[in-house]
Amino acid sequence: MANMIVASTKTLITSSPSLPPTTTTPRPKFHLPHISLPRLPKLLSLKSAALIAATTTTSLSLAPLPSMAEEIEKAALFEFNLTLPIMMAQFLLLMVALDKIYYSPLGKFMDERNAAIKEKLNSVKDTSGEVKQLEEQAAAVMKAVRAEISAALNQMKKETAAEVEMKLAEGRKKVEAELQEALAVLEKQKEDTIKALDSQIAALSQQIVNKVLPL
Amino acid sequence: MNVLSCSINTLKGLYDISGVEVGQHFYWQIGGFQVHAQVLITSWVVIAILLGSATLAVRNPQTIPTDGQNFFEYVLEFIRDVSKTQIGEEYGSWVPFIGTMFLFIFVSNWSGALLPWKIIQLPHGELAAPTNDINTTVALALLTSVAYFYAGLTKKGLGYFGKYIQPTPILLPINILEDFTKPLSLSFRLFGNILADELVVVVLVSLVPSIVPIPVMFLGLFTSGIQALIFATLAAAYIGESMEGHH
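Residues numbered from 1 in each chain as written. Chains lettered and ligands numbered in written order. Predicted model: local features only at pLDDT ≥ 70, side-chain atom pairs only at ≥ 80, totals over all residues. Heavy atoms only, no water.

1. Brief notes about the overall build of chain B
At step 1: The number of helices and strands found in chain B is seven helices and two strands.
At step 2: The order of helices and strands in chain B, counted from the N terminus, is α-β-β-α-α-α-α-α-α.
At step 3: In chain B, which comprises 247 residues, the proportion classed as buried is 47%.
At step 4: When contacts within chain B are restricted to residue pairs at least 6 apart in sequence, those whose partners lie at least 24 apart make up 67%.
At step 5: For chain B, the accessible surface area stands at approximately 12100 Å², while carbon and sulfur atoms represent 70% of it. (Helix = DSSP H or I, 4+ residues; strand = E, 2+ residues; numbered from the N terminus. Buried < 20%, exposed > 50% of the residue type's maximum accessible area, 1.4 Å probe, protein only. Contact = heavy atoms within 4.5 Å. Areas by Shrake-Rupley, 256 points an atom, 1.4 Å probe, with all protein chains shown as cover.)

What follows is the structure, given as structure tokens:
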């Protein structure tokens with residue numbers, strides 16, 4: 001893998017010195033993004049640069065280049081070593097540790113809290129049912145009381161009505177009796193008067209006769 | 001010749017200013033093996049950040065979450081959501097894996113862009129995001145492969161290998177190939193994105209030191225986040241895929 005990178009740097013190195021003979025302008029700016037040229041400047045002595053410039057691009061595997069590749073510190077981008085198993089072990093340890101201090105305790109805490117809240121919520125719902133029941137009970141009581149009251153009222157009304165009726169009847173009877181009595185007295189008086197008048201009529205008629213017929 | 005040396009000097013000067021180093025490593029020897037020390041150092045910083053902030057935020061959870069706890073709860077909800085979407089109802093035991101995958105990659109990527117690593121001079125190579133080293137990304141991708149094999153085998157036993165001839169046995173080679181392309185694409189996607197992002201920023205900074213690189217830096221932050229999400233989502237998707245039943 002490292003060779004790949006080194007190989008890629010080789011082509012870059014060889015192409016840049018081959019340019020100057022054709023173009024006179026220096027163009028360092030073009031090479032700025034090539035960040036994979038770590039130790040390039042100090043390696044490229046003028047001698048080797050001249051050598052490279054002399055050779056064509058097909059001479060990549062010629063003498064100076066392997067030494068260059070050795071001198072360039074290995075750009076070990078894809079180098080595997082003991083770091084890998086150590087990272088694995090570290091990760092597993094981190095996982096266990098985080099589980100002990102973070103996931104398990106906090107997760108348990110959160111679950112418990114959720115359960116508690118749910119329970120409280122349910123209990124609140126239950127009391128609302130209770131309230132409803134109480135309300136129903138109250139309504140029933142009110143209904144019963146109302147019925148009772150209306151019944152009592154009705155009965156009282158009936159009683160009073162009966163009493164009033166009775167008293168009325170009594171009073172009427174009394175009045176009738178008094179009337180009867182008064183009528184009877186009146187009748188008697190009338191008869192008496194008539195009788196008295198009858199006796200007087202005889203005397204008066206005698207007087208009239210005596211007056212009219214002076215005998 | 002004059003022109004050539006001139007151009008070489010210019011190049012050298014620019015190179016010294018920009019200080020672009022690709023594939024340069026700071027080596028440590030551990031038991032006869034070499035390791036990329038700069039990757040390990042930055043990964044330790046990332047791990048310290050993760051563990052430290054998580055410990056601080058979750059130390060004393062409140063019923064009504066405070067700022068830090070709120071943020072970590074949001075992150076956990078997010079991870080659970082990703083896992084649940086990709087894996088399904090049995091996502092619970094995979095939350096640590098997916099979550100750590102996401103958080104580690106995310107913090108690594110952002111650390112490369114946000115932490116001033118350049119302050120610390122190494123004898124060789126330079127500090128950068130741990131995810132711009134191929135070892136890290138391949139390690140994570142291989143762990144993902146192991147994870148989805150483990151998920152499939154524990155769920156379905158040896159019947160898991162039945163999926164290789166699932167629609168028709170003709171697809172057997174392609175199905176086997178998939179097991180190789182999955183970690184390959186995972187690791188190279190992450191590695192390439194992060195390395196390219198950091199290189200673009202460095203090169204732009206070396207060319208135009210002010211203002212112009214800022215949009216690219218923001219683009220880099222965006223890409224980093226997206227890459228972390230993609231890695232975690234794909235890992236979850238692979239696990240979910242190997243766990244789902246082929247009826």
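2. Some remarks on the nonpolar core
At step 1: Y102 of chain A together with W94, F97, I98, L103, F104 and I239 of chain B are the most contacted members of the largest nonpolar core, which totals 64 residues.
At step 2: The element best represented in this core is helix 5 (residues 83-212) of chain A, accounting for eleven residues.
At step 3: Setting aside residues no more than four positions away along its own chain, Y102 of chain A makes contact with G107 of chain A together with A54, V58, F72, V75, L76 and L103 of chain B.
At step 4: Counting five residues, the second largest nonpolar core, distinct from the first, contains F26, A37, L122 and L127 of chain B. (Core = buried A, V, L, I, M, F, W, Y, C linked by side-chain atoms within 4.5 Å.)

3. Some details on the UniProt feature "transmembrane region" in chain B
Residue and element names in this part refer to chain B.
At step 1: Residues given the UniProt feature "transmembrane region" here are residues 38-58, 95-115, 134-154, 199-219 and 220-240.
At step 2: The span residues 199-219 carries 76% helix and 0% strand; its end-to-end C-alpha distance comes to 13 Å.
At step 3: Helix makes up 100% of residues 220-240 and strand 0%. Its end C-alpha atoms lie 30 Å apart. (UniProt positions renumbered as here; feature names shortened; annotations may be inferred.)

4. Regarding the confidence of the model for chain B
Residues and elements named next belong to chain B.
At step 1: Residues with a pLDDT of 70 or more make up 90% of chain B, whose mean pLDDT is 87.
At step 2: Looking at the elements of chain B, mean pLDDT is at its lowest for helix 1 (residues 2-18), recorded as 59, and at its highest for helix 5 (residues 134-156), recorded as 94.
At step 3: For this predicted complex, the interface score ipTM comes out at 0.87, alongside a pTM of 0.65. (pLDDT = per-residue confidence, 0-100.)

5. Things to note about the packing of aromatic side chains
Residue and element names in this part refer to chain B.
At step 1: A complete count under the given rule lists 20 aromatic pairs over all chains for this structure.
At step 2: Look at Y160 and F161: their rings are 5.5 Å apart centre to centre, the planes differ by 65°, and that puts the pair in the edge-to-face class.
At step 3: Owing to a relative accessible area of 0%, Y160 belongs among the buried residues under this scheme.
At step 4: Taken together, the ring pairs in this structure connect Y148, F149, Y160, F161, Y164 and Y238 into an aromatic cluster.
At step 5: A cation over an aromatic ring shows up here: K163 above the ring of Y164, its NZ or CZ 5.4 Å from the ring centre.
At step 6: Directly above the aromatic system of Y148 lies the positively charged group of K182, at a separation of 4.7 Å from the ring centroid. (Phe/Tyr/Trp six-rings, centres within 6.5 Å; stacked < 30°, edge-to-face > 60°. Lys NZ or Arg CZ within 6 Å of the ring centre and 35° of its normal.)

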